[in-house]
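# Results of the structural survey
Here are the chains, one letter per residue:
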Amino acid sequence: MRIITSQTITDSVEKMCVLANCHMNEDIRKALADSVKTEKSPVGRELLQNVLKNADIAAEKTMPICQDTGIAVFFVEIGQEVYVEGDTLTEAINKGVASGYKNGYLRKSVVLDPIKRVNTNDNTPAIIYYDIVKGDKLKITFAPKGFGSENKSALKMLNPADGVDGVMDFVVETVKKAGSNPCPPMVVGVGIGGTMDKAAVLSKKALVRNIDKRNSDSFYADLENALLHRINKLGIGPQGMGGTTTALAVNIETFPTHIAGLPVAVNISCHVTRHTDIEI
Amino acid sequence: MPIHIQVPLTQDAIKNLKAGDSVLISGVIYTARDAAHERMVESYQKGEGFPININRQLIYYAGPCPAKPGEVIGSCGPTTAGRMDKFTPLLLDNGLSAMLGKGSRTKEVVEAIKRNTAVYFGAIGGAGALIAQCITEAEVVAYDDLGTEAIRKLTVKDLPAVVLIDCEGNDLYVTGQTMYKQE
């Protein structure tokens, strides 16, 4: 058994909040810089350059890249030999979010009740998914998720007979409907299989995989590339003002499913697509 | 070359703007997003009017990050304008003449833009740090309890934007996307 104090976790989470919100990931930066070279629209190229300039200012001033510093989403892998001393793991993470968003001058965007809508003022509670794994390590992945893009996400329970064509059509249709709203170029997370809820979580998890890494199964890697190709023909372009860079990547995650179903979830993300992780 | 514009805009200045024009906005603008819109319209419907004079003004759909000590404002990019569509025609019919945000608008909003000779500008979504550099003053003028969603009076200098929908109802999203569609 290995003891990790809850304070260690809280401190790490606080740091991750600022890091993820103020520093653009290298894979995203590279994809944006590459798209400046390939984008056909002159307006689109200018927008992409400004987005990169924005990331430079954010990093230099430790200022959020985007004012929507998101709802705090976590994927946690906890080794079953780990014992958290002090607060519970969930409390430790939430305390880190509260102090990270306060001390980092990040926006508090969470309301306590979806209908009554009063701000919690510390950006908690976080959305946390746990996986229990072997070993004595704790891996925490943090992904602040903005709602300009989250609102454009969708889920559909397809029939098995709809097959890969049905999946492709649904993904492309969802991106088309998202249009100019989610701050394109987008990153598209796709979850296929499981149950309704599992597909949705997979589509979110797909967004924390670096976009320069394709699915390890070549069938799905090809599907990711084919979807990206179709999406970039839609014409939406940077900021939706027209162009050939509508998405930077499509990331797919899958899970076994029932003989009667083919759940597909599409989680739309923006050109910032923030995530960072730490192993304790 | 971007066109330098001063807000509040005159009707003639609005008539000269065409969808697709790049502009640099200077002057005084007001932030308002979801919760502030709901309250403003509620207040109007109760006969209490608006908390700010919106006549000829520009509303920026934005909710900034808190300012660090010594800074004017935190990151302050545009939010999705479409969520305000339900409230926008009433504001335009009562004197509002310009909006700054991101994303497409409903037909009802486009019609209200046309009948009131108004204009909808787009700021770069997700470029909150860059836009914050153009804000020289910021002050909460209504709904302080709403935090980031309060109405703020901003003084801006050369804020980069694009005309998305002009006063004739031309929509850059439609023309721009049609031009690059390959299906």
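Please read these numbers as outputs of a predicted model, since none were measured by experiment.

## Looking at the interface of chain A and chain B
The interface is formed by 40 residues belonging to chain A together with 41 residues belonging to chain B. In total, about 3300 Å² of surface goes out of reach between chain A and chain B, with carbon and sulfur atoms giving 56% of it. Among the residues chain A hides against chain B, the three largest losses belong to A:Gln67, A:Tyr105 and A:Met241. Together they make up 22% of the total. At the surface where chain A touches chain B, the tally comes to zero salt bridges. At the surface where chain A touches chain B, the tally comes to 17 residue pairs in polar contact (both at pLDDT 80 or more). The biggest single contributor to the side of chain A that touches chain B is helix 3 (residues 42–61) of chain A, with nine residues. Its residues assigned to classes, the side of chain A that touches chain B comprises 16 nonpolar, 18 polar and six charged.

## Things to note about the packing of aromatic side chains
One pair of aromatic rings is described through two measures. These are the centre distance and the angle between the planes. With the rule as written, the count across this model stands at four aromatic pairs over all chains. Centre to centre, the rings of A:Phe75 and A:Tyr129 are 5.4 Å apart; their planes meet at 25°, and the pair counts as stacked. With A:Phe75 in strand 2 (residues 71–79) and A:Tyr129 in strand 4 (residues 127–133), this pair connects stretches of sequence that are 54 residues apart. One Lys or Arg, A:Lys198, reaches over the ring of A:Phe255 and ends 4.4 Å from the middle of that ring. Over the face of the ring belonging to B:Tyr120 we find B:Arg105, whose NZ or CZ atom lies 4.7 Å from the ring centre.

## Some points on the sheet that holds strand 10 (residues 276–279) of chain A
Residues and elements named next belong to chain A. With mixed pairing, the four strands of this open sheet are ordered in space as 4-2-5-10. This sheet does not close on itself; its edge strands, each paired only once, are strand 4 and strand 10. Averaged over all pairs of adjacent strands, the angle between their axes in this sheet comes to 15°, without regard to strand direction. Note that strand 5 (residues 138–145) and strand 10 share four bridges and pair antiparallel.

## Thoughts on the domain arrangement of chain A
Residues and elements named next belong to chain A. Per the domain assignment, the segments making up chain A are domain 1 (2–20 + 65–145) and domain 2 (148–274). Taking the mean C-alpha position of each, domain 1 and domain 2 sit 26 Å from one another. Across the contact, 15 residues belong to domain 1 and 13 residues belong to domain 2. For the pair domain 1 and domain 2, the summed buried area comes to about 1100 Å², and 65% of that belongs to carbon and sulfur atoms. Taken together, the links from domain 1 to domain 2 amount to two salt bridges. Scanning the region where domain 1 abuts domain 2 turns up four residue pairs in polar contact (both at pLDDT 80 or more). Broken down by secondary-structure element, the contributors of at least two residues to the side of domain 1 that touches domain 2 are strand 2, strand 4 and strand 5.

Conventions and cut-offs
Residues numbered from 1 in each chain as written. Chains lettered and ligands numbered in written order. Predicted model: local features only at pLDDT ≥ 70, side-chain atom pairs only at ≥ 80, totals over all residues. Heavy atoms only, no water. Contact = heavy atoms within 4.5 Å. Buried area = accessible area lost by both parts, 1.4 Å probe. Salt bridge = Lys/Arg side-chain N within 4 Å of Asp/Glu carboxyl O. Polar contact = N/O pair within 3.5 Å; in protein donor to acceptor, adjacent residues only side chain to side chain. Helix = DSSP H or I, 4+ residues; strand = E, 2+ residues; numbered from the N terminus. Nonpolar A, V, L, I, M, F, W, Y, C, P; charged D, E, K, R; others polar. Phe/Tyr/Trp six-rings, centres within 6.5 Å; stacked < 30°, edge-to-face > 60°. Lys NZ or Arg CZ within 6 Å of the ring centre and 35° of its normal. Pairing = 2+ DSSP bridges. Axes fitted to C-alpha atoms, helices over the stretch in contact; angles between N-to-C directions. Domains from an automatic or database assignment.

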